[in-house]
Amino acid sequence: MNLDEPCRVRRPAQLIVPMLKGNAFTDFLAPTRQPLPDSLYFLDDSGNSNTSVFGFLRVPQVDGWSTAEAGWTTFLKELQVNPYITYTPDYPLHAVDLVAGRGRLLHPITGAAPTKRQRTETANIVLQGLRTLARVPGLAVGAVHRHGATREDLYADLVDMVNNRHAAVGSSCQFIVDGNGTEKVLRAAHRRLPADRRHVLGDPLLVPARRIPLLQAADFVAYAAHQSVVRLPSRAFMWDWYRQVFPEAGSPIDLGRLL
């Protein structure tokens, strides 16, 4: 989860069915595409007090998790030999900290301040991770955002959207979300789905990202999507990372334009 500021503004959750061209969800929803297989979704959010963002990884339920995790593990092994940082496999990666130059990766035992080169290297870790995901067979990414919406409202829209698409083709899916297990509002979004047309199975599996590496990968996607939307001047170098690395996904969908 990456929050530059806490999101405070609430709006009623509504069913959103985007039909814009040239992004992950138009392809995801288009009836001419091949039917979606049973899938797993790894989700994390980003945003600030004005805009909420959700990014996701979607993988086929059969072998998709292991294939994606193998690719991500290779990326993590490369970090262990990066001479500019001090990375160990138990260290959870958070894109907002990496880009800001915060955290133990940049602070050696001596306590010396990180160099400019070290700060550049940690920011590039996020770009390197995104490129790793783009090479994983069968993995898709996507992102949605909305101005003036809470994380919970945006999540409910996303659940409805994904459920409708899987219902249309007769497949099912499960959600794995960065959380500590207490997010009752997220569970409510699943339980509101109609029993006779429910294809998002069960409640979301709420797990801290430190325990599932692919949730840390979803964090990278969410933060890159966030910066492509809010375009903070201090993050200008990453404004186009999301679109450049995932050209088939296009821009994150602005659900507010579809209300």
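Going by the structure above, here's the rest.
Anyway, here's the lowdown on the structure attached to this text. Fair warning: this is a prediction, and the values are worked out from it, not measured in the lab.

Tallying secondary structure elements over the protein gives eight helices and seven strands in all. Counting only residues that meet the buried cut, the protein has 52% of its 259 residues in that class. When contacts within the protein are restricted to residue pairs at least 6 apart in sequence, long-range pairs at least 24 apart make up 73% of them. Roughly 11,900 Å² of accessible area belongs to the protein as shown, and the carbon and sulfur atoms make up 53% of that amount.

So, about the nonpolar core. By size, the foremost hydrophobic cluster in this structure holds 47 residues, and its most contacted members are Phe42, Leu57, Leu93, Leu130, Phe220 and Tyr242. Those elements that place two or more of their residues in this core are strand E2 (39-47), strand E3 (51-60), helix H2 (64-79), helix H3 (95-100), helix H4 (116-134), strand E4 (140-147), helix H7 (213-230) and helix H8 (241-245). Sort the elements by how many residues they give to this core and H7 lands first, with nine residues. The residues touching Leu57, leaving out its near neighbours within four places in the chain, are Leu40, Tyr41, Phe42, Leu133, Leu139, Ala140, Val141, Leu214, Ala217, Ala218 and Val221.

With that out of the way, let us pick up the pattern of salt bridges. This model, assessed by the stated rule, comprises six salt bridges. A salt bridge links Glu121 to Arg117, with the shortest nitrogen-to-oxygen separation between them at 3.1 Å. With Glu121 and Arg117 both in helix H4 and four residues apart, the pair spans about one turn of that helix. With a relative accessible area of 16%, Glu121 lands in the buried category. A relative accessible area of 44% places Arg117 in the partly exposed class. Where Arg191 meets Asp203, a salt bridge forms, and the shortest distance between an N and an O atom there is 2.5 Å. Of the two residues, Arg191 sits in helix H6 (residues 184-191) while Asp203 sits in the loop between H6 and strand E6 (205-207), which places them twelve residues apart along the sequence.

About the cut-offs
- Residues numbered from 1 in each chain as written.
- Predicted model: local features only at pLDDT ≥ 70, side-chain atom pairs only at ≥ 80, totals over all residues.
- Heavy atoms only, no water.
- Helix = DSSP H or I, 4+ residues; strand = E, 2+ residues; numbered from the N terminus.
- Buried < 20%, exposed > 50% of the residue type's maximum accessible area, 1.4 Å probe, protein only.
- Contact = heavy atoms within 4.5 Å.
- Areas by Shrake-Rupley, 256 points an atom, 1.4 Å probe, with all protein chains shown as cover.
- Core = buried A, V, L, I, M, F, W, Y, C linked by side-chain atoms within 4.5 Å.
- Salt bridge = Lys/Arg side-chain N within 4 Å of Asp/Glu carboxyl O.

Limitation: the analysis is restricted to geometry and does not speak to function.
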